[in-house]
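# Structural overview for review
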Amino acid sequence: MKAPKAAFSRPVWSTARKDVVGSSLGSSRVWFTVAQGILTEVYYPRIDIPQIRDLGFIVADDRGFWTEVRTLGQYAVSLEGEGLPAVHIRHEHERFRLDLAIVAAPDRDVILVDFRLTGDSALRVYPLLAPRLGGRSENSALCGTWHGRRILGAFQGPFALALSGMTPDGTDLFSRLSCGHVGESDGWQDFSRNGRMTWTYDEAGPGEIALMAETGSSGTLALALASSWEAASTLAFSALMEGFKPQWDHQVALWGRWQEKLAIPSNLPPRLARMYRTSAMVLRAHEDKTFPGAIIASMSTPWGEASDSRGGYHLVWSRDLSESAGAFLAMGDTRAVLRILSYLMATQQEDGHWLQNQWLGGKPYWQGLQLDEAAFPVLLAASLEHHGTLSVPGLRTMVERALRFIIREGPVTGQDRWEEDPGINLFTLAVSIAALVDGAELLHPDDREIAYWIADTWNSRIERWTWSGQTALARQLGVAGYYLRAVPEEILEDAAAKGLPLLIKNRCQDPGLAACDQISTDFLQLVRYGLRSLAHPPVRETLRAVDRLLRCDTPSGQTWYRYNGDGYGEHEDGSPFDGSGLGRPWPLLAGERGHASLTGGESPLPYLRAMEAMAGPGGMIPEQVWDTAPIPEKNLWPGKPTGSAMPLVWAHAEFIKLVHSMGNKSPVDRPRATGTRYGGKIPSVSWVLWRHRHKVSQIPEGIELRVVFEREVLVHWGIDNWDTPADMPTRPLGLGFFGTVLPAVGLKAGQTILFTFYWIGEQRWEGVDYRVEVVPPVPADF
């Protein structure tokens, strides 16, 4: 009989906060997550598409008592060993105890769940499965048999699953089956209305469906995924026939051997050592097998209970991926790094950039342009080069294309790393400068000059572009000034642009703060990468400002908000972020502060301990933690995970790198050539650079004027009213750029340089006269 269909009414559960993530190190291509004490999202064949929402359990006595175990809140999660995704879960109730063991089958696309119910002998277990095949809710379901054994099946397009079970003595686990439409005829509704299992529908859909079976007090479930329910049934049965324990032991052994190869420091305190291995597991479990080297940001959707986003964080960002690669490199897993680098090379766009984010196969999702996402893969290649000679076909081409893009577009980014504002952002700028310097070493010597010209110019102007000077906020905080969160592009030609409004997204109403009134922690990347030192006065002052405005002291330790006025987080009452809210502190930022503090001789242990303490019960580090009074009914506790993404892979990578940085006594991901070239100091630059993208209108006395073009030109120039005009040819600077130096060193304040140019390839004049005024030197205001 086909189940009736109606509108959705079953409670919706968050898909954000995961307790554990796991996968197989064998040939199996399935990944799984655990949350609220049950199996939640399962992914196959690509981890950007969850195939189920959850596999939960109802315990009932068939006489009116029933409870859904995920609602009890009394459960404990543990792993078979540190960093081994073989999961034990125990649910407690006054009438029973339910023990679960979950593992991915090593060699089949199957998740195995072994369960044992103890206590009241009248109770039975009812598995309740909610498919989302193809990442969609429009699925079809059936209850039936395959080769004489009972199965629950579902299918949608090329995706299908089967759930089957076996008792400890090898007989069929399922006694009754049913499937239905969520909100009307599913098993949960049956229990909600009737207090027991009374329905036995044998087909449902297409629509949002759920499946349920009646079992006894113990057994093994096999959830298999394939291209048809028949094929999935065969996989499920064969996994059951092999037995749960042999496959559990095999998977544990595979992960144990991988963990043993990692370069974990021997003197790490036990809690931090456990978090290190958990973090390594998180990174490894998030790597896809269909597209090796691709790692999504998280197997979660932030505030999933309030979001219908199909993407969530099940996407690849080149920034997050490169950060993960840095952690693999620190752990000594260079094979993983090579897989990641190869994937990045394959997904680079023709003009040299990487997509804001993408599905695993490279299809675009969001369309923003972020300069740091073009820079990070270059730094990854340079880092790997320092671990041995690279012989990767096409590597130099990738670097050339990326650096051309950075030079062409920079120093302005279309979005900062938080994917919000355009302009000049210090995190992005630091990464881009480092990519130019370290990437130059991978170029042919003839191509390096332009990279150094640009990098030195941008580095020398950081304070001019992003230092606030005295503002009302600086006086309120008792500091001489601070680095700004971001500055509009107009700052390249007009210092007054610091006073322009800078949009704050994720707020119901933009507060209208000017750029000069916004502070973030992004400047710490300057210290981490060796562009500035902790002793540099603007760094010292900004640290004071950040600690007075953005630091949050929680029971788990100190961490920081992203920037003042942030709206990305729960509302004041704890309700989920829904496009607006209040920004909450990020454990990731504790790790970033630890890296900066390490360069000044401070131990990073307090920051590592804070990150570990902020993790969820299974050791997953969240995107954000709660920062105010507890709200028990929403499971919000100070210093503990919010409903944001958990785990955040980037945060786990940061933890691993900070552990190794502690032993290294400096950041392990500091770009080597960048740190050597700048040594934490502002470079002494004797020129001003003029480009079409950055048409400077003034030049201090005693400074030369360098002009850069994307094609070869002849520069026609003169002084004041075109006195003594002359032609100056340009020469190749590398990467297809041309430039020359106009001899302006001897000019005095009040004089003017005039120039235009002839495009040689196009055989045309520019048709515009450009003016650059010579002015007295301007002293720094810090």
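This text gives an overview of the structure that appears in the document. (Residues numbered from 1 in each chain as written. Predicted model: local features only at pLDDT ≥ 70, side-chain atom pairs only at ≥ 80, totals over all residues. Heavy atoms only, no water.)

## Regarding the overall build of the protein chain
Secondary structure assignment for the protein chain yields 18 helices and 29 strands. Relative to the globule expectation of 28 Å for 782 residues, the C-alpha radius of gyration of the protein chain, 29 Å, shows essentially globular dimensions. By the burial criterion, 62% of the 782 residues in the protein chain qualify as buried. In the form shown here, the protein chain has an accessible surface area of approximately 27600 Å², with 50% of it arising from carbon and sulfur atoms. The protein chain carries 76 positive and 90 negative side-chain charges, and their two centres are separated by 3 Å. (Helix = DSSP H or I, 4+ residues; strand = E, 2+ residues; numbered from the N terminus. Rg over C-alpha atoms; globule rule 2.2 N^0.38 Å. Buried < 20%, exposed > 50% of the residue type's maximum accessible area, 1.4 Å probe, protein only. Areas by Shrake-Rupley, 256 points an atom, 1.4 Å probe, with all protein chains shown as cover. Lys, Arg positive; Asp, Glu negative; His and termini not counted. Charge placed at Lys NZ, Arg CZ, Asp CG, Glu CD.)

## So, the sheet that holds strand E13 (residues 159-166)
Ordered in space as E6-E7-E8-E9-E17-E13-E12-E11-E15, the 9 strands form an open sheet in which the pairing is antiparallel. Of all strands in the sheet, those bounded by a partner on one side alone are strand E6 (75-81) and strand E15 (203-207). Adjacent strand axes in the sheet meet at a mean angle of 20° when their direction is disregarded. Bridge analysis of strand E11 (residues 139-146) against strand E12 (residues 149-156) gives 7 bridges, and the strand direction is antiparallel. The residue bridging threonine 145 from the neighbouring strand is arginine 150, located in E12. Across the sheet, helix H2 (residues 229-242) lies against strand E9 (110-119), E11, E12, E13 and strand E17 (218-226), angled at about 30° from E13, the strand it touches most. (Pairing = 2+ DSSP bridges. Axes fitted to C-alpha atoms, helices over the stretch in contact; angles between N-to-C directions. Contact = heavy atoms within 4.5 Å.)

## Describing the pairing of strand E7 (residues 84-93)
As paired strands, E6 and E7 are joined by 6 bridges and run antiparallel to one another. Considered in E7, the bridge of valine 77 is made with isoleucine 89. Here E6 folds back onto E7, and the loop between the two strands holds 2 residues, one of which, glycine 83, carries a positive phi near 75°. Bridge count for E7 against strand E8 (residues 96-104) is 7 bridges, and the pairing is antiparallel. Residue glutamate 92 lies in a different strand from E8, and its bridge partner there is arginine 97. Two successive antiparallel strands, E7 and E8, enclose a turn made up of 2 residues.

## Considering the sheet that holds strand E26 (residues 737-742)
The sheet built from 4 strands is open, its strands ordered E20-E22-E26-E25 with mixed pairing. Each having just a single partner strand, strand E20 (687-690) and strand E25 (731-734) make up the two edges of the open sheet. Mean inter-strand twist for the sheet, computed between neighbouring axes without regard to direction, equals 35°. Note: E25 against E26, 3 bridges, orientation antiparallel. Considered in E26, the bridge of arginine 731 is made with glycine 739. On the sheet, helix H10 (residues 448-460) packs against E20, strand E22 (704-709), E25 and E26 and is oriented at approximately 75° with respect to E25.

## Remarks on the packing of aromatic side chains
Within this structure, the stated rule accounts for 32 aromatic pairs. With a centroid separation of 6.2 Å and an interplanar angle of 75°, the aromatic rings of tryptophan 317 and tryptophan 366 are classed as edge-to-face. Remark: tryptophan 366 occurs in the loop between helix H6 (334-347) and helix H7 (371-386) and tryptophan 317 occurs in the loop between helix H4 (270-285) and helix H5 (318-331); sequence separation between them is 49 residues. Overall, tryptophan 317 belongs to the buried group, its relative accessible area being 4%. A relative accessible area of 37% means that tryptophan 366 is categorised as partly exposed. Clustering of aromatic rings is evident, with ring pairs tying together Trp303, Trp418, Tyr568, Phe577, Trp586 and Trp650. Across from the ring centre of phenylalanine 237, 5.5 Å away, lies the NZ or CZ of arginine 149, which sits over that ring. When the ring centre of tryptophan 453 is taken as reference, the NZ or CZ atom of arginine 706 above it lies at 4.5 Å. (Phe/Tyr/Trp six-rings, centres within 6.5 Å; stacked < 30°, edge-to-face > 60°. Lys NZ or Arg CZ within 6 Å of the ring centre and 35° of its normal.)

## Some thoughts on the side chain of glutamate 570
Note that glutamate 570 resides in the loop between strand E19 (557-560) and helix H15 (587-598). Notably, glutamate 570 is buried but unbridged: the nearest opposite-charge side chain belongs to arginine 584, and the N-O separation is 4.6 Å. Polar contacts involving the side chain of glutamate 570 include one to the side chain of tryptophan 303, which spans 2.8 Å. Not counting the four nearest positions on each side in its chain, glutamate 570 is found in contact with Trp303, Ser575, Pro576, Phe577, Gly581, Leu582, Arg584, Trp626, Leu636, Thr642, Gly643 and Ser644. (Salt bridge = Lys/Arg side-chain N within 4 Å of Asp/Glu carboxyl O. Polar contact = N/O pair within 3.5 Å; in protein donor to acceptor, adjacent residues only side chain to side chain.)

## Observations concerning the layout of surface pockets
The volume enclosed by the largest pocket comes to roughly 940 Å³. Every residue lining the largest pocket is counted, 34 residues in all, and those nearest its centre are Ser460, Arg461, Arg464, Pro700 and Val778. Its residues assigned to classes, the lining of the largest pocket comprises 20 nonpolar, 7 polar and 7 charged. (1 Å grid on protein atoms, 1.4 Å probe; cavity = no way out; pocket = protein on both sides within 12 Å on 5 of 7 lines; lining within 4 Å. Points joined across faces, edges and corners; volume = space filled by probe spheres on them. Nonpolar A, V, L, I, M, F, W, Y, C, P; charged D, E, K, R; others polar.)

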